[in-house]
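Listed here are the chains, written in short residue letters.
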Amino acid sequence: MSREIAFVFNGNKMNMAIEDHWTLLHLIREELGYTGTKEGCGSGECGACTVIVDGNAVNSCLYLAAEIDGKELMTIEGLASPDGTLHPIQKAFVENGGIQCGFCSPGMIISAKALLDENPNANEEEIKEAIAGNLCRCTGYVQIVDSIKSVSGHEAQEPHVVAFRSEEGDRGD
Amino acid sequence: MRKFTYLVPKTLDEAISLYQSYGERAKYIAGGTDVLVKIKEGKLAPDYLISLKHIISQDRPFLNHETGELYVGAFVTHRMIETSPLVQAHYPILYDAVKNIGSVQIRNVATIGGNLVNAVPSADGAIPLITLDGKANIYGAKGQRSVDLLRFFLGPGQCDLERGEILTEVVVPRLLPRTGSAYIKHGRREAMELPMLGVGVLLSLEADMETCAKAGISLGVAAPTPIRALQAEKHLVGKTINEETLAEAGKIAGEESKVRDSIRGVAWYRREMVAVLVTRMGMKALERASRNAEVGMGNK
Amino acid sequence: MHNFCSVGKRVPKIDAVEKATGRAQYIQDLKLPGMLYGKILYSKFPHARIVSIDTSKAKQLPGVRCVLTAEDIPDIKMGVYKDNRPLKKGKVCSYRDEVAAVAAVDPETADEALNGVEVIYEPLPAIFDPEQAMKEGATLIHEEHKTNVLRMPWKLHYGDVDAAKKEAAHIVEDRFTTTWVTHCCMGASGSIAEFDPANNLKIYSNTQIPSLAQKDFLDALTAMGLKGNRVRVIKPVIGGGFGSKLDTYAYEYIAILLAYHTRRPVKVEFDRTEEFIATSTRQPTITYISQGCDQNGKLLFRDINMILDNGAYTSWGATTPSVMMMPITSLYRVPNVRYEAKCVYTNNTYAQAMRGYGNPQATFAIESTMDMLAEKAGIDPIEFRRINANKPGDVSTQGLRITTCGLEECMDAVKEKLEWEKPKGESEGVGLASLIHVGGGARVYKSDGCGTIIKMNDFGKIDLFTGATDMGQGSDTVIAQIVAEELGLQIEDIHVIHTDTDICPWDVGSHASRTTFVAGNAALGAAKKIKARLLELGAKQLEAPLEKIALRDRHIQHQDDSEKRIEIGKLLRKAHFSHGGQMLMAEYFYDPANENMGKDFRGNMSMTYTFGTHGVKVKVDEETGKVKILNYVAAHDVGKAINPMLLEGQVYGGVMMGLGYALTEQVILEKGENMNPNFRDYKILTAKDVVPIEAPVLETYDKDGPFGAKGIGEPGCVPTAPAIANAIYDAVGVRIKDLPITPERVLAAIREKKGLDLCGQELGRDDVDECIIEE
């Protein structure tokens, strides 16, 4: 069955006809054509499809599009300013090595956004809790946690890597 | 996903009458995190989904100050329970359980009622509520009825709901004074786990703060349904609570369990962990009871 | 030390902004006009004869454009042994066998069509245990092969192991096993194939081996009667590789065949279940090992016999013994080595390359027994390893030439950071394990090369075309840093293009931790050519001798007179827009001087080797068997960290993958069937499982590496499991020899050690019968 819904998508009011059986992920990717939100598993186990609905992070693969009616939806595309300036969280991920293959990154960043909106001073434990539902196979999460920490009001730790011996010293030309 | 029509009633009666119109072709849905997965996997194929999300009801747990009863609406999300100061302060066993269900994303959407009516042996939400002697309020075409939550679970995936009936809330009776409780989900990872085993323990103490007045011990994934280890509970009542008596109770609870092998764990290990974790949760419950008594937080 | 501008800096990945904003386009995000959706029907049995396939119902479904079975396609051979086909004919040999494929206007219709394909099977006896499968008379997986043991003679013997055994003062001998684990790329597999009217193929695919894939697809076109036609492989942004994309798979050929038959672009995209069921695993091993040393702790021999469960078809998994030979012969100095490995066909899923390529399995057995031997010899584990440590200048029995080697320093770092000698709390322990891995390419193919083309535009900026594949690890960024450094440019001046075989040169693939070294050297070679010409032009322009000018900060300048300088862009414009104009372009193909293995498997397979030591402090819960990691130190000799931030990322990611391998991950196969094809039950670690990790980096400046660098992609997950197993032993005195190290295994071992049965009863007591062990 079709129905008309109205919602706010990344700050813009939208009216559109949807099908009852569409997931929010389908609406975003296939109908609206915004592919930043990823499908990693389709069953709420990986978090790649995370979006923010009325301030809460949800898995859009398990959320019916019909339920977005009257609500506010934010996807990864809504984070950076229209002029392209990155959101501080995005900037932190870029600068701290929080991104490798990048497939989990939009969902990861959105989860961080939902967390910091609610708790701007989240500590490491709270950060890990907030992104526990966002699986990443590349980074081992360390630099992701560092990225979020760097913008959470809690200072990021010093980088762990220190060169502790150089044998031939000056090389390179 | 397979096509269906999504219906959004505003009242229980409306929901029930919709169900009556469509019968087997309809399925109730609340948060949807289980129902939608099942539809995607082809395990469910409803033509109509009747949403319970928009039924006007309490959106967070609350205490009836006259009766001392805790009301947890079935359509309350795990996240609402997790962040409830009331639950955090007085029902830590419930907090322990819901805060580790799925991810934040899941808990923001999934409801406690959904967790219960799924009736899987691993339902994290069920163990604390049966430990707390919760009663399930059920509403249907024939009106309202109430059943002990423990008896609500009939088998894997089966619960005591007649066709079209809706679980509306769980009511937890007044806690005895000097009560403490705790729950642990035993798994391999720190998050995103279905429990290999779930263990909840509640202890109410006599005024001497060491003799057991009442005990509740519940187990998840230890039988086809969530269960209470009644013999183990009986063993504790009247005894001094310490590591030794708790270990004895744990051993009895292990014997009461009907654990089996599955891909998530082997039977011998599960049985052993029942004994270990009953002891540990018992000690934690004891500590919490003492702490509550100290700061005057015993329940009225 | 040289003052680098780009190299050695914590430069953000050049594609990070695209990825952080959701603009990066993965195969999942690509749609072509008129595109159809392909779906694959898999076998319902682990081993069965295909009696008949009826596709008529599926074909009649509206929206279905094509249904294919083996009958409809030419004989396209896949796999290292050419023993696999895109669609199976006659019989199926595993649950993941492709039986039929459909193309339809949308995924739902394609799914429905699959349901309409009726296959009648006649089940055959199946075999899931490689040791059973090796036996005489065992059911044959491939009858024409006559035996289930692959005819690949992985067998070497250097020195005289039997004689050494007689001499040895201490010997340990044991059996170790590892199981199936899988890559779990967050972006699942997929490809889109399309033919032009002249039947040239364009295929968008997730691949780590664009050039070899192109060759495979050319072979497929030949089989299809299209010999001489072109194949263009385009890589979208890749959502993780880890070895999974090192081969071509049936689904890619199926996309090609469906596209050919429908004359439309066809996309085949895996869902998560398919990704678990129909892509390959790390290969499970059974390892019989013995090692011995003399009175002073000097290793005398290492003797290993290994059985690998190959699964039903061959992929690169079958060749991992080649890389296992490296740690087996050359991790520590071992004068006498014997190794034999048998890869065995079974009706299980077939194995592939996965980060480390056999090294983690071999190192688990080697480093576990190193600790056992140290204990027997009464020597501290670190000292024992120090006695036997590799040193620069060593040539191992296999002929591996150790150039730079910081193994001892890595052990020192672990010792210090882990506070090795500090008294431990109850049930706490420390353990370590080291690694050797190829760090300067790995010659497993006829060429180990990579090509680079650089062209400079009129504004001093570079388009760089490389054969390398960035699947998330950051090779594009490292290449840009190397070129920027060499040419005095900024990272943002370098545009790296690696996505298209039509424009990018050849490369053997992103594997063997070779990309920084090989693609880095290729880029450096091309940059040097450009540099020579820039200096020439600059010298003329500045009227200065060649040796007096340098490239710095986007300028060519006189070294003694900073006023004498010209912007590189300006210089290039002058050269371009003058009479007889010229533009700067350069190509370079770098093929390292490493060696293919000879007949007795001797040969220096890599130009240099990466070393490392991992140390871990654990606390074991003796009641539950749970292992808690208190601290983890992963020290590596990396030559030179071109980008410390990305390097750390490789180590952290590798360690977390290694922790999963050690503790939680397992593809559970029951009679060949995958029982946990989801993230709920296949347990890769979550953010809450992160342990404190330190990643000290040792820079030994390898003379052959670009700016001294060696490879570091794989080492992070190589010695994780034995380090943990050794720490568990230190903590509670039990030796776990099977992966993953589950709480059940630890608890069972603790109980056994205490002389108790699994239910905590003393063995031999009367009531033992009550202890019902159901597994």
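What counts, and where the lines are drawn
Residues numbered from 1 in each chain as written. Chains lettered and ligands numbered in written order. Predicted model: local features only at pLDDT ≥ 70, side-chain atom pairs only at ≥ 80, totals over all residues. Heavy atoms only, no water. Helix = DSSP H or I, 4+ residues; strand = E, 2+ residues; numbered from the N terminus. Rg over C-alpha atoms; globule rule 2.2 N^0.38 Å. Buried < 20%, exposed > 50% of the residue type's maximum accessible area, 1.4 Å probe, protein only. Contact = heavy atoms within 4.5 Å. Lys, Arg positive; Asp, Glu negative; His and termini not counted. Charge placed at Lys NZ, Arg CZ, Asp CG, Glu CD. Buried area = accessible area lost by both parts, 1.4 Å probe. Salt bridge = Lys/Arg side-chain N within 4 Å of Asp/Glu carboxyl O. Polar contact = N/O pair within 3.5 Å; in protein donor to acceptor, adjacent residues only side chain to side chain. Pairing = 2+ DSSP bridges. Axes fitted to C-alpha atoms, helices over the stretch in contact; angles between N-to-C directions. Nonpolar A, V, L, I, M, F, W, Y, C, P; charged D, E, K, R; others polar. Parallel < 35°, antiparallel > 145°, perpendicular 65-115°, else oblique.

Q: Tell me what's going on with the overall build of chain B, and back it up with residues and numbers.
A: Summing up its helical and strand segments, chain B has 12 helices and 14 strands in all. Taken over the C-alpha trace, chain B has a radius of gyration of 19 Å; the compact-globule value for 300 residues is 19 Å, and the two agree within 12%. Every one of the 300 residues in chain B was classed for burial, and the buried ones make up 59%. Taking the contacts inside chain B whose residues are at least 6 apart along the sequence as the reference set, 62% of them involve residues at least 24 apart. Counting 38 positive and 33 negative side-chain charges, chain B places the averaged centre of each group 6 Å from the other.

Q: Give me the interface of chain C and chain B: which residues, what numbers.
A: The partner chain B presents 28 residues to the 34 residues of chain C that form the contact. Taken together, both faces of the contact between chain C and chain B bury some 2,700 Å²; the carbon and sulfur share is 51%. Counting the contacts that link chain C with chain B gives 6 salt bridges. Where chain C touches chain B, the interface holds 13 residue pairs in polar contact (both at pLDDT 80 or more). Among the elements that make up the side of chain C that touches chain B, the one with the highest residue count is helix 18 (residues 743–753) of chain C (5 residues).

Q: Can you break down the sheet that holds strand 19 (residues 450–456) of chain C residue by residue, with the values?
A: Residues and elements named next belong to chain C. Strands sit in the order 21-20-19-25 across an open sheet of 4 strands; the sheet is mixed. The open sheet has two free edges, formed respectively by strand 21 (494–497) and strand 25 (585–590), since each of these has just one partner strand. Here the average twist between neighbouring strands, direction ignored, is 15 degrees. Direction of pairing for strand 19 relative to strand 20 (residues 462–466): antiparallel, over a ladder of 5 bridges.

Q: Could you give me a rundown of the interface of chain A and chain C, with the residues and numbers involved?
A: Contacts between the two partners involve 53 residues from chain A and, on the opposite side, 70 residues from chain C. The junction of chain A with chain C conceals about 5,300 Å² of combined surface from both sides, 58% of it contributed by carbon and sulfur atoms. Linking chain A with chain C are 6 salt bridges. When the shortest N-O distance is used, the salt bridge between C:Arg680 and A:Glu45 registers 2.5 Å. Connecting chain A to chain C are 23 residue pairs in polar contact (both at pLDDT 80 or more). Mapped by element, the contributors of at least two residues to the side of chain A that touches chain C are helix 1 (24–31), helix 2 (88–95), helix 3 (105–118), helix 4 (124–131), helix 5 (142–150) and strand 6 (163–166) of chain A. Of the residues forming the side of chain A that touches chain C, the biggest block, 4 residues, is contributed by strand 6 of chain A. Of the residues assigned to the side of chain A that touches chain C, the class counts are 22 nonpolar, 16 polar and 15 charged.

Q: Which residues make up the pattern of salt bridges, and what values do they have?
A: This structure, assessed with the given rule, holds 89 salt bridges over all chains. Where salt bridges share partners, they join C:Glu383, C:Arg386, C:Lys391, C:Glu408, C:Asp412, C:Lys415 and C:Glu421 into one cluster.

Q: Tell me about the packing of helix 12 (residues 267–294) of chain B against helix 18 of chain C, and please be specific about residues and values.
A: Two elements in contact, helix 12 of chain B and helix 18 of chain C, have axes separated by 11 Å at closest approach and are oriented at 75 degrees. Looking at the two axes, helix 12 of chain B sits roughly perpendicular to helix 18 of chain C. Contacts between helix 12 of chain B and helix 18 of chain C involve B:Trp268, B:Tyr269, B:Glu272 and B:Met273 from the former and C:Pro743, C:Glu744, C:Leu747, C:Ala748 and C:Arg751 from the latter. Here the contact of helix 12 of chain B with helix 18 of chain C is built from residues that sort into 6 nonpolar, no polar and 3 charged.

Q: Describe in detail the sheet that holds strand 12 (residues 197–205) of chain B, supporting the description with residues and values.
A: Residues and elements named next belong to chain B. The strand order across the open sheet formed by 4 strands is 11-12-13-14, and the pairing between neighbours is antiparallel. Both edges of this open sheet fall to strand 11 (179–186) and strand 14 (227–228), since each of them pairs with a single strand only. By the bridge criterion, 8 bridges tie strand 11 to strand 12 in an arrangement that is antiparallel. Note on strand 12: the bridge partner recorded for Lys185 is Gly198.

Q: Go over helix 5 of chain A with me, naming the residues and quoting the values.
A: Counted residue by residue, helix 5 of chain A has 8 buried out of 9 residues, so it is predominantly covered. Within helix 5 of chain A, burial applies to A:Val142, A:Gln143, A:Ile144, A:Val145, A:Asp146, A:Ser147, A:Ile148 and A:Lys149. Against the buried residues of helix 5 of chain A lie helix 2, helix 3 and helix 4 of chain A together with helix 16 (644–664) and strand 30 (693–694) of chain C.

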